[in-house]
Amino acid sequence: MSVRVRMAPSPTGLLHIGNVRTALFNWLFARNQGGEFLLRIENTDTAREVFEATEQIQESLRWLGLDWDGPVTFQLDNIEKCRKLAHELVGAGAAYEDEGAIRFRMPDEGTTAWDDLVLGRIEVQNKELEDVVLVRSDGRPTYNFASPVEDVQDRITHVLRGPDHVSNTPKQINILRALGADLPVYGHVPNVNGADGKKLSKRHGAVTVDAFREEGYYPPALLNFLALLGWSYDDKTEIMSRDELIERFTLDRIKPSPATLDYEKLDWMNGVYLRRLSEAAYGDALVLWLGEAGYDWAAVRVRETVPLVQEKIEKFSQYPDFVRFLFEDVRPDPAVLDGSGEVVSAARDVLAEVEPFTADEIEAALRGLLERLGLKPRQGFQPIRVAVTGSTVSPGLFESLELLGREKTLARLSAAGGGAA
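This one's a predicted model, so the numbers in the text were calculated from it and none came from an experiment. In this convention, every chain numbers its residues from 1, walking through the sequence in written order. Under the rules for a predicted model, residues below a pLDDT of 70 receive no local features and side-chain atom pairs below 80 are neither given nor counted, while totals for whole chains, interfaces and linings still include all residues. Side-chain numbers here rest on the full set of heavy atoms in the structure, without hydrogens or water.

**Section: the pairing of strand S2 (residues 36-41)**
When accessible area is computed with a 1.4 Å probe and restricted to protein chains, residues below 20% of their type maximum are described as buried, those above 50% as exposed, and intermediate ones as partly exposed. Numbering of helices and strands starts at the N terminus; helices are DSSP runs of H or I of at least 4 residues and strands are runs of E of at least 2. With respect to burial, S2 is a largely interior element, 5 of its 6 residues being buried. Only when DSSP finds a minimum of two bridges between them are two strands counted as paired. Both strand S1 (residues 4-7) and S2 contribute to a ladder of 4 bridges, which runs parallel. Bridging from a neighbouring strand, Arg-6 pairs with Leu-38 of S2. Alignment of S2 against strand S3 (residues 73-74), held across 2 bridges, turns out to be parallel. What sits directly across from Arg-40, in S3, is Thr-73.

Quick look at the structure:
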């Protein structure tokens, strides 16, 4: 039988990164096996459904490059089928009516067991299982009924989900057996925790995919990073392309212990990916991010800055403050420039004579100036940098001045020189 897996998020909030990691494991397994990855919206709890969340779930997966097979399905579309099956279970004595609802009659003796792909053999005493509601009194099926019913309908072969569903699995196994259905193989993948060791969740400060996108992470880098949260290829390989992840992914390498979302490692990995891009590809990704972030800076100008920033920043959210001086007027802190009037004014006079106004010529002129003034580079270049860029941190000084151009460079040095005496 061909592998068929699914991602089945609830549209009660925006998709967070822990759910995406679990979806990624399903997707990698399906692609590795030449199978199918389905997307199902589990909207049985309609009172808490958020329409925007349904769209955000799909957009988040597209942004990360996780494609699904076939149309998106919605659990409530099967409401009539679930009602019919529930009444059939009542007729067979496997369920009963209770104050307008229909409950499943769990076995009282023995155990329910399965061989979990991640956690190993799990056995649960049946006496610990409550008679779960299959259909509410208002006619809506519950998650524990609708989900396994749809798994059967979709011919799901493997159910890979978070460990919080371990308690649901024996209930769903008994329901499927009562329906005479084949059981999927179950695997409960580890949680993703924050640095404080607590599980990421929508109700406890979860980080949504949108937040990572807004921070300027590069999708292939984030995908690579997420794959390593609870899985590894070996004990040393970390940078892997999408195709390499698909080729190398196996379920037996999933670890049962919780993974920690390490932002420093993510930033490092994102920087590695960005530095490996061609200038053209980097510019494309940067221009796209700036547009989404609401910046109307000229794309041509942005692309001109790529050589200045590509080796310097780890994520695109660092870009605006780094190069803002090239797109907007700056106001240097007078306190930082205090006592620097001589070098700033002298730099203005020297640079006025530089021809052509290129980084090499600018560097030669300014180094000559500092030598004549008896200043060390750190003493002389810092006030010039602050006067022109408004910050003590910027791309390479000489390249920045070339890109800014002679006119604006001289104007800013003139303005700063008068207040830097």
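**Side note on the pairing of strand S5 (residues 101-104)**
Two elements, strand S4 (residues 95-98) and S5, share 4 bridges in a ladder whose sense is antiparallel. From the neighbouring strand, Asp-98 faces S5, where its bridge partner is Ala-101. Linkage of S4 to S5, two consecutive antiparallel strands, is achieved through a turn of 2 residues, within which Glu-99 is found at a positive phi near 50 degrees. Relative to strand S8 (residues 133-135), S5 is paired through 2 bridges, and the arrangement is antiparallel. The residue of S8 that forms the bridge with Arg-103 is Val-133.

**Topic: the pattern of salt bridges**
We define a salt bridge as a contact between a side-chain nitrogen of Lys or Arg and a carboxyl oxygen of Asp or Glu at a distance within 4 Å. This model, assessed by the stated rule, comprises 29 salt bridges. A salt bridge links Arg-40 to Asp-154, with the nearest nitrogen and oxygen atoms 3.3 Å apart. With Arg-40 in strand S2 and Asp-154 in the loop between helix H4 (143-153) and strand S9 (158-161), this residue pair connects regions lying 114 residues apart in the sequence. There is no split in this pair, since Arg-40 and Asp-154 are both buried. Between Glu-328 and Arg-324 there is a salt bridge; the shortest N-O distance is 3.6 Å. Residue class for Glu-328 comes out partly exposed when judged on its relative accessible area of 31%. Here the salt bridges do not stand alone but share partners, grouping Arg-6, Arg-40, Glu-42, Glu-150, Asp-151 and Asp-154 into one network.

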